Amino acid sequence: MKMPEPDATVLARRREIARALNAIVPGEGVIADRDELAVYESDGLTAYRQRPMVAVLPETVEQVSRILAYCNAEGIKVVPRGAGTSLSGGALPLADGVLLCMARFNRILDIDFANRCVVAQPGVTNLGITKAVESEGFYYAPDPSSQIACTIGGNVAENSGGVHCLKYGLTTNNLLGLEMVLIDGTVVRLGGRHLDAGGYDLLGLMTGSEGLLGVITEVTVRILQAPETARALLLGFPTNEAGGNCVAAIIGAGIIPGGMEMMDRAAIHAAEDFVQAGYPLDVESLLIVELDGPEAEVDDLIARISAIAANCGAVTSRASESEEERLKFWAGRKAAFPAVGRISPDYYCMDGTIPRHRLPEVLKRMAEMSARYGLRVANVFHAGDGNLHPLILYDANNPGELENAEAFGAEILRLCVEVGGVLTGEHGVGVEKRDLMGTMFSEADLAQQQRVKCAFDPDSLLNPGKMFPVLHRCAELGRMHISRGQIPFPDLPRF
């Protein structure tokens, strides 16, 4: 889709803002050329594209503070951006706003083994933290599949999860401290290297706030000592329901694996063709279950889980016998998203979370939806914590297929809420799930959440248009009934 040419007023405004930002970030830190801005027009949700008015790449906290203070004074909207790996449109730019790119904040500031923490700038990749400490036998537990590219600042903004979050928690469970800049330029610190802080849990409030409350400039995370032993089990089942039942049975037996992932036939075949991980190809569902800890404990748990799987109808069961083999098992799962990209021109990656015991039912109903919509779906998800990642396969070159895929995805998310789950597990709301928030929250719930935003961003300049289906002016939110004062959202730019 060809983007419309901006009019003279927009061009003049762009030049004015670019000059002001160049005074704060000299050199090549400001991008205002329309063609050069094309690289920023989308994040991982590529169905929506919009070039920002201006992009700015600060290098210091002082520059971030001055940029936000300027934008606040001038009433300019600001969209923070990390690596742009968001799958919910969280970093989708605004045509009349500044894109604040934090890519240059890419240094690890301190490694404190005594306190088992790392202090990093927000542009450091998730995997980069583990790489920095693994020589001393430590690692950072939350590990999204995009960990080679996604940044720790973005992980905080979306409260990212990953394979090992079943046992070791999401980002919020591994976060100790933040430095952040408010919309008026104020720099504040939350938490630190200590275990807990007094007062309101503002650190918890910032985690998962999707760039709506402030801009993160420093992150302190907890690191863990690598376990003595780690082994993985490959368990194959004749049906998706049998695999889902095994997940519930393992957790019901009081076993909390280091990680427990599930893939269906389409995902298994795509991953095996791509990585050659040694997956069985004659099964409908595959569980990868990792156990870690002392060697004797791991061996006992492998035996117990193998027995549980057999009772659930497993037709294959294989335990890794070396670290190389364990990593190979995981290589297929980690590469599942690009692997699926090889079998379909496009795919729409969903993210919803359900109670574990409803997994068989939800998988069955998703299969029925797939037949009804005429679109294939490959399932790859964090089975242990009920976080689904259905990949809906479509071809954007075929008229109506993208819209059909979106309708299919929306129905999956409504199903998640229906069975007692939530709209998102780790990808965030962004623009993707914004208009579905009413299926989970009442108007009073959403108004209360917006009051929190108003406390940090009274003029709604930070990442507007994300998360809330209707945005109310802060003055109106002080009233019991909020039927007036809505701020209209522009139409989402479609590709």
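Residues numbered from 1 in each chain as written. Predicted model: local features only at pLDDT ≥ 70, side-chain atom pairs only at ≥ 80, totals over all residues. Heavy atoms only, no water.

**Comments concerning the overall build of the protein**
(1) Moving on: When its secondary structure is counted, the protein shows 14 helices and 22 strands.
(2) Moving on: Computed over the C-alpha atoms, the radius of gyration of the protein is 23 Å, within 12% of the 23 Å expected from 2.2 N^0.38 for a compact globule of 495 residues.
(3) Moving on: Over its C-alpha atoms, taken along the principal directions, the protein stretches across nearly 70 × 55 × 45 Å.
(4) Moving on: Taking the contacts inside the protein whose residues are at least 6 apart along the sequence as the reference set, 71% of them involve residues at least 24 apart.
(5) Moving on: Of the charged side chains in the protein, 44 are positive and 63 negative, and the gap between their average positions amounts to 4 Å. (Helix = DSSP H or I, 4+ residues; strand = E, 2+ residues; numbered from the N terminus. Rg over C-alpha atoms; globule rule 2.2 N^0.38 Å. Contact = heavy atoms within 4.5 Å. Lys, Arg positive; Asp, Glu negative; His and termini not counted. Charge placed at Lys NZ, Arg CZ, Asp CG, Glu CD.)

**Observations concerning the pattern of salt bridges**
For side chains of opposite charge, pairing can occur when their charged atoms come near one another.
(1) Moving on: Going through the model one piece at a time under the given rule, you end up with 27 salt bridges.
(2) Moving on: Between glutamate 323 and arginine 326 there is a salt bridge, with its nearest N and O atoms 2.6 Å apart. You can see glutamate 323 and its partner arginine 326 sitting in helix α10 (residues 323–334), 3 residues apart, about one turn around the helix.
(3) Moving on: By relative accessible area, which is 41% here, glutamate 323 ends up partly exposed.
(4) Moving on: Under the relative-accessibility criterion, arginine 326 is labelled buried at 11%.
(5) Moving on: Aspartate 457 serves as the salt-bridge partner of lysine 453, at 2.7 Å between the closest nitrogen and oxygen.
(6) Moving on: Members of the salt-bridge network, linked through shared partners, are Arg358, Glu361, Arg365 and Glu418. (Salt bridge = Lys/Arg side-chain N within 4 Å of Asp/Glu carboxyl O. Buried < 20%, exposed > 50% of the residue type's maximum accessible area, 1.4 Å probe, protein only.)

**Concerning the environment of leucine 291**
(1) Moving on: With respect to the helices and strands, the residue leucine 291 is situated in strand β14 (residues 285–293).
(2) Moving on: Leucine 291 sits in the buried class, given a relative accessible area of 1%.
(3) Moving on: In sequence terms leucine 291 and asparagine 72 are 219 residues apart; their C-alpha atoms lie 50 Å from each other.
(4) Moving on: With near-sequence residues (within four places) excluded, leucine 291 lies in contact with Thr229, Ala230, Arg231, Leu233, Ile255, Pro257, Val298, Leu301, Ile302 and Ile305.

**Some thoughts on the side chain of aspartate 264**
(1) Moving on: Looking at the secondary structure, you find aspartate 264 in strand β13 (residues 259–264).
(2) Moving on: Of the buried charged residues, aspartate 264 lacks a salt bridge, with arginine 265 as the closest side chain of opposite charge at 8.5 Å.

**Considerations on the state of the cysteines**
(1) Moving on: Counting across every chain of the model gives 1 disulfide.
(2) Moving on: Covalently, cysteine 454 is tied to cysteine 474 through a disulfide, its sulfur atoms 2.1 Å apart. On the S-S bond that ties cysteine 454 to cysteine 474, the torsion sits near -90 degrees, and the link is left-handed. A residue pair is termed long-range when its members are at least 10 positions apart, and cysteine 454 in helix α14 (residues 443–456) and cysteine 474 in the loop between β21 (471–472) and β22 (486–487) qualify at 20 residues.
(3) Moving on: In this model cysteine 165 remains outside any disulfide bridge; the closest cysteine sulfur is found in cysteine 150, 11 Å from its own.
(4) Moving on: The exposure class of cysteine 165 is buried, given its relative accessible area of 6%.
(5) Moving on: There is no disulfide at cysteine 349, and the cysteine sulfur nearest it, in cysteine 416, is 12 Å away. (Disulfide = S-S within 2.5 Å.)

**Regarding helix α13 (residues 401–418)**
(1) Moving on: An ideal rise of 1.5 Å per residue puts 26 Å on 18 residues; α13 measures up with 25 Å between its terminal C-alpha atoms.
(2) Moving on: If you check which residues of α13 are buried, you get Leu402, Ala405, Glu406, Phe408, Gly409, Ala410, Glu411, Ile412, Leu413, Leu415, Cys416 and Val417.
(3) Moving on: As for α13, its buried residues are in contact with β16 (346–349), β17 (352–353), α12 (359–373), β18 (377–381), β19 (387–388) and β20 (390–394).
(4) Moving on: Just past α13, the residue glycine 420 takes up positive phi, approximately 100 degrees. (Expected span 1.5 Å × (residues − 1).)

**Describing the sheet that holds strand β12 (residues 229–237)**
(1) Moving on: An order of β15-β12-β14-β13-β18-β20-β16 is seen for the 7 strands of this open sheet, with the pairing classed as antiparallel. Since the sheet does not close on itself, it has two edges, and those belong to β15 (316–319) and β16, each with one partner. Strand-to-strand, the axes of this sheet are offset by a mean angle of 15 degrees, without reference to chain direction.
(2) Moving on: Strand direction decides the pairing type here: β16 and β20, joined by 4 bridges, are antiparallel. Paired with tyrosine 347 across the two strands is leucine 393, which belongs to β20.
(3) Moving on: Contacts from helix α7 (residues 240–252) reach β12, β13 and β14 within the one sheet, and its direction differs from that of β13 by about 170 degrees.
(4) Moving on: Sheet contacts for helix α8 (residues 265–275): β13, β14 and β18; angle to β13, the most-contacted strand, approximately 100 degrees. (Pairing = 2+ DSSP bridges. Axes fitted to C-alpha atoms, helices over the stretch in contact; angles between N-to-C directions.)

**Observations regarding the confidence of the model for the protein**
(1) Moving on: For the protein, the mean per-residue pLDDT works out to 92, and 95% of the residues sit at or above 70.
(2) Moving on: Here residues 480–484 is a poorly scored stretch, pLDDT under 50, and it has 8 contacts once near neighbours within four places are set aside; other chains count. (pLDDT = per-residue confidence, 0-100.)

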